[in-house]
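Read off the chains here:
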Amino acid sequence: MDLATPPPDLYGRPGPDRFLRRLTAFSDWYTPILGAPGLRRSPRRRAPRPAAPLTLAVTSRTMVSADVVELGLADPAAGPLPPWQPGARLLLTLPSGRERHYSLCGDPADRYGYRIAVRRIADGAGGSVEIHDQLHPGARLTVRRPRNGFAFCAEPAVLFLAGGIGVTPLLPMAREAERLGLDWRLVHAGRTAEALPYTAQLRALGPDRVELWADDRRGGPPDGAELLSRAPEGAAVYCCGPAPMLAAVQRALDASPARALHFERFGAAPIVDGRPFTLRLGAEGPELAVPADRSALDVARELRPDLPYSCHQGFCGTCKVNLLSGTPEHRDRRLTPEERAGGALLPCVSRAAEGETLVLDV
Ligand code: FES
């Protein structure tokens, strides 16, 4: 039995069954109150403490396309690693202190090694360049345990859509789809054929199921309808790529043979209903105008490039700052009501009403 794989739930989906878990918790708590004879109240379970981060060593380093490096990571004491499922990510703390998320792209059955792949972005914020230039075998990293916000549900028919390095979470999903005998297809799109990582592995996995799309040979990127035309009837679509690709797929979904869309975006989400507002950096600090189409974080980083960030999508919490005054529009998916009431703000996505001034404690 593969202990790394949780038992299927009531509907055959991987992962523990949420309904049974909630029913059990309800029963534990309320049965004594309802007066069931002979039963004593279970002690209330404490919320589990967050697991300690891991210290991992870089064990290998392989270029998997012109500008993508794959790193192998393992426990320096050669112990087993926490299990994961396709779609999971690691949060790495780099030697500089920068934090970055990367999807696991190896084999979940391998309990002794993780693999991630990183595209070098020369004009980015420095995380990918640091990884490419400084992480060699033997380097140690602090790594938070795998977390999964993009779980693979193993539907009978599946279309995977990858934009460039967005193939990394889809690679283990495609392996799993092939192992389970699902009807799957994968389109991997990028600017040039040389820029696409893992082409050989994908072709080996399903020569008739994988299509590579190089923009320079096809006259430009595929549109949403073109991508979704590869979907088997009733397929679930798993899409990971840049925001324009995802937006194109979302727009074309209703008119396609596909019936569901799961996605993971990299980079910032498009700003919806943004209004211009003002940001002040510190009580006496400079005031900056935030236009309707830019994030507060991007504007603040022009003066304060040291401000940390990672996901740029309001879920990792890396960019958290404290608000000294002003009324924000919270648009994140991370902060609790208590944290918001205490003044926490995620400026990568959160904004303010037109004319408002947010004063940040930075
Ligand atoms: S960068 Fe991740 S929440 Fe802001």
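Residues numbered from 1 in each chain as written. Predicted model: local features only at pLDDT ≥ 70, side-chain atom pairs only at ≥ 80, totals over all residues.

This part is about the overall build of the protein chain. Within the protein chain, the regular secondary structure consists of 9 helices and 18 strands. The buried share among the 362 residues of the protein chain stands at 33%. (Helix = DSSP H or I, 4+ residues; strand = E, 2+ residues; numbered from the N terminus. Buried ≥ 20, exposed ≤ 12 C-beta atoms within 10 Å, placed from the backbone.)

Counted at 1.5 Å a residue, the expected span for helix 3 (residues 167-180) with its 14 residues is 20 Å, and the 19 Å between its end C-alpha atoms agrees. All of the buried residues in helix 3 are Val 167, Thr 168, Pro 169, Leu 170, Leu 171, Pro 172, Met 173, Ala 174, Arg 175, Glu 176 and Ala 177. Phi for Gly 181, located one or two positions after helix 3, is positive at around 75°. (Expected span 1.5 Å × (residues − 1).)

Attention now moves to the sheet that holds strand 14 (residues 321-325). Taken in spatial order, the 5 strands of this open sheet run 13-12-18-14-16, and their pairing is mixed. Two strands bound the open sheet, and with one partner strand each, they are strand 13 (287-290) and strand 16 (344-345). Bridging between strand 14 and strand 16 involves 2 bridges; their strand directions are antiparallel. Counterpart to Asn 322 in the pairing with strand 16 is Ala 344. (Pairing = 2+ DSSP bridges.)

Once that is clear, we can look at the pairing of strand 4 (residues 99-103). Strand residues, when the strand is regular, have side chains that alternate between the two faces of the sheet. With respect to burial, strand 4 is a largely interior element, 5 of its 5 residues being buried. Taking every second residue as pointing to the same face, both faces of strand 4 are buried, with Glu 99, His 101 and Ser 103 on one and Arg 100 and Tyr 102 on the other. In terms of strand pairing, strand 3 (residues 88-93) meets strand 4 through 5 bridges, oriented antiparallel. Note that in strand 4 the partner of Thr 93 across the bridge is Glu 99. Taking the residues between adjacent antiparallel strands as the criterion, strand 3 and strand 4 are bridged by 5 residues, where Gly 97 takes a positive phi near 100°.

What follows concerns the environment of Ala 269. Mapped onto the elements, Ala 269 comes out in the loop between strand 11 (260-266) and strand 12 (277-281). Among all residues touching Ala 269, those that are not within four sequence positions of it are Ala 243 and Gln 313. (Contact = placed C-beta atoms within 7 Å.)

Turning our attention to the confidence of the model for the protein chain. Of the residues in the protein chain, 86% reach a pLDDT of 70 or more, and the chain-wide mean stands at 86. At the low end of the mean pLDDT range in the protein chain sits helix 1 (residues 18-30), at 43; at the high end sits strand 2 (residues 68-74), at 98. pLDDT under 50 marks residues 1-44. Its contacts with residues more than four places away, or in other chains, come to 27 contacts. (pLDDT = per-residue confidence, 0-100.)

Turning to the sheet that holds strand 6 (residues 140-148), a few remarks are in order. Across the sheet, 6 strands lie side by side as 4-3-6-1-2-5; this open sheet has antiparallel pairing. Either end of the sheet is taken by a strand with one partner, and the two such strands are strand 4 and strand 5 (114-119). Pairwise comparison of adjacent strand axes, ignoring direction, gives a mean angle of 40° for this sheet. Bridge count between strand 1 (residues 54-65) and strand 2: 7 bridges; the pairing is antiparallel. If you follow Ala 57 over to strand 2, its bridge partner there is Ala 74. (Axes fitted to C-alpha atoms, helices over the stretch in contact; angles between N-to-C directions.)

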